[in-house]
Amino acid sequence: MDQIAQARAFVYQHSHAALATVDSKGQPLATAVNVVPDGQGSLLMLMSDLAEHTVNIRHHPAVSLMWVEEAHSDWQAAQRLSVTGELEQVPVEAGERFLQVFPHMRDYLQLDFHFYALRPVKVRWIPGFGKAAWLEGAALLPAHGWDLAREQGMVEHMNADHSDACDHYLSLLGCPGEGAVMLAVDPWGSWLLHEGNLHRLPFANRAEDAVQVREALVALARTPV
C-alpha cells in the first residue's frame, strides 16, 4: 500500500482529532473536535458559534487538523496525520454524513452549532518513528462510490435485517455484546454504536462500490471469533 493509501485509510479509522487555530492577535489554540469525511473530498465538523476556535476561524480560516494512533503508548512513535486547509461554514444539508456517525449531535443544531468543512491542501503523514512525508491534499479523500442515500439504505438494511451480524462484528472487535447499531459505512469500514460507545469496523480492502461493501460485510459476518 502506498503512502497516500495508508494515510487515507488512517483518517477514515478515526473520528476524533485536534484542531489548531490562531486568534486575531496571532495566538495559537488547539482544541478537540469530531471529524467525519463527507465522501466528496472534505472533512466535516460541527462547532458552536461561541467556541474559541470558531471565533478564531472568523479571523483566520486557515487551520490544521491532527489525528494520532490513540492506542499507542508513545505518541511520538505512533502513526499520525496532519492536514492543513481553510475552514468554511456549510449548509445543514452538507453536514448530513457527519450526523450518520454522530446522530446524537443533531440536537445541537437547535442551539448555536453549524457545520464547517475543510478541503485538505497539504497532508503530513507520519507512519512511525523517523518516517514522514508530505502528500498532496487533493488525493487524500476521493469520492465514495455511492451517495448518502445509498449509504443510509445499506445501514437501515443491516439494522433491520442483520442485527445479529452487527453483534458479531462487536465480537470480532474484542468487545462482545448485544444491541449493536450500525451508524455509517464508507469505503474503508463501518461505524457501530453499542451502549453509547463508538466502534470502528475496518474492511480488509477498500470497497469501491455498494456491491463490494456488501461483500465485505458478509465476509466479516462469516469470520469466526
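This is a predicted model, so every value here is computed, not measured. (Residues numbered from 1 in each chain as written. Predicted model: local features only at pLDDT ≥ 70, side-chain atom pairs only at ≥ 80, totals over all residues. Heavy atoms only, no water.)

(A) Up close: the overall build of the protein chain. A tally of helices and strands in the protein chain yields six helices and 12 strands. Relative to its length of 225 residues, the protein chain is compact, with a C-alpha radius of gyration of 18 Å against a globular reference of 17 Å. If one aligns the C-alpha atoms of the protein chain with their principal axes, the spans along those axes are about 55 × 45 × 30 Å. Per-residue burial over the protein chain gives 46% buried out of 225 residues. Carbon and sulfur atoms make up 52% of the accessible area of the protein chain, which totals about 11,400 Å². Taken as two groups, the 15 positive and 27 negative side-chain charges of the protein chain have centres that lie 8 Å from each other. (Helix = DSSP H or I, 4+ residues; strand = E, 2+ residues; numbered from the N terminus. Rg over C-alpha atoms; globule rule 2.2 N^0.38 Å. Buried < 20%, exposed > 50% of the residue type's maximum accessible area, 1.4 Å probe, protein only. Areas by Shrake-Rupley, 256 points an atom, 1.4 Å probe, with all protein chains shown as cover. Lys, Arg positive; Asp, Glu negative; His and termini not counted. Charge placed at Lys NZ, Arg CZ, Asp CG, Glu CD.)

(B) Representation of helix α5 (residues 163–172). Looking only at α5, the buried set comprises Ala165, Cys166, Asp167, His168, Tyr169 and Leu170. Elements in contact with the buried residues of α5: α4 (148–161), β10 (181–186), β11 (189–194), β12 (197–202) and α6 (210–221). Once α5 ends, the next one or two residues include Gly174, with phi positive near 85°. (Contact = heavy atoms within 4.5 Å.)

(C) Region of interest: the pattern of salt bridges. Inspection of every chain in the model, using the stated rule, returns five salt bridges. With its nearest N and O atoms 4.0 Å apart, the salt bridge here joins Arg58 to Asp49. Taking the relative accessible area as the measure of exposure, Asp49 reaches 23% and is therefore partly exposed. Notably, a salt bridge pairs Arg206 with Glu208, separated by 3.8 Å at the nearest N-O pair. (Salt bridge = Lys/Arg side-chain N within 4 Å of Asp/Glu carboxyl O.)

(D) Representation of the packing of α5 against α6. Running from amino to carboxyl end, α5 crosses α6 at an angle of 65°, the nearest separation of the two axes being 9 Å. Overall, the two elements α5 and α6 adopt an arrangement that is roughly perpendicular. Read as a crossing pair, α5 and α6 show a hand that is left-handed. Residues Ala165, His168, Tyr169 and Leu172 of α5 touch α6, and the partners they reach there are Leu217, Leu220 and Ala221. Residue composition of the contact of α5 with α6, grouped by class: six nonpolar, one polar and no charged. (Axes fitted to C-alpha atoms, helices over the stretch in contact; angles between N-to-C directions. Parallel < 35°, antiparallel > 145°, perpendicular 65-115°, else oblique. Left-handed = near helix turned anticlockwise from the far one by under 90°. Nonpolar A, V, L, I, M, F, W, Y, C, P; charged D, E, K, R; others polar.)

(E) The sheet that holds β10, seen in detail. As summarised here, the arrangement of the three strands in space is β10-β11-β12, forming an open sheet in which the pairing is antiparallel. Whereas interior strands pair on both sides, the edge strands pair on one side only; in this sheet they are β10 and β12. Each neighbouring strand pair of the sheet contributes to a mean axis angle of 25°, computed without reference to strand direction. Pairing analysis gives five bridges linking β10 to β11, with the strands arranged antiparallel. (Pairing = 2+ DSSP bridges.)

(F) Structural detail: the pairing of strand β2 (residues 28–34). Pairing of strand β1 (residues 16–22) with β2, which is carried by seven bridges, proceeds in the antiparallel orientation. When the bridges of β2 are listed, Ala17 appears paired with Val33. What sits between β1 and β2 in their antiparallel hairpin is a turn of five residues, with Gly26 showing a positive phi close to 85°.

(G) Main features of unusual backbone geometry. The phi dihedral of Glu195 falls on the positive side, at around 50°, and the residue is not glycine. In this structure, Glu195 sits in the loop between β11 and β12.

(H) Spatial organisation of the packing of aromatic side chains. The tally for this structure, following the rule as stated, stands at five aromatic pairs. The interplanar angle of 50° and the centroid separation of 5.0 Å between the aromatic rings of Tyr108 and Phe113 together place this pair among those described as tilted. By way of ring pairs, the aromatic residues Phe98, Phe102 and Phe115 are connected into one cluster. Directly above the aromatic system of Trp134 lies the positively charged group of Lys122, at a separation of 4.3 Å from the ring centroid. The ring centre of Trp191 lies 5.0 Å from the NZ or CZ of Arg200, which sits over that ring. (Phe/Tyr/Trp six-rings, centres within 6.5 Å; stacked < 30°, edge-to-face > 60°. Lys NZ or Arg CZ within 6 Å of the ring centre and 35° of its normal.)

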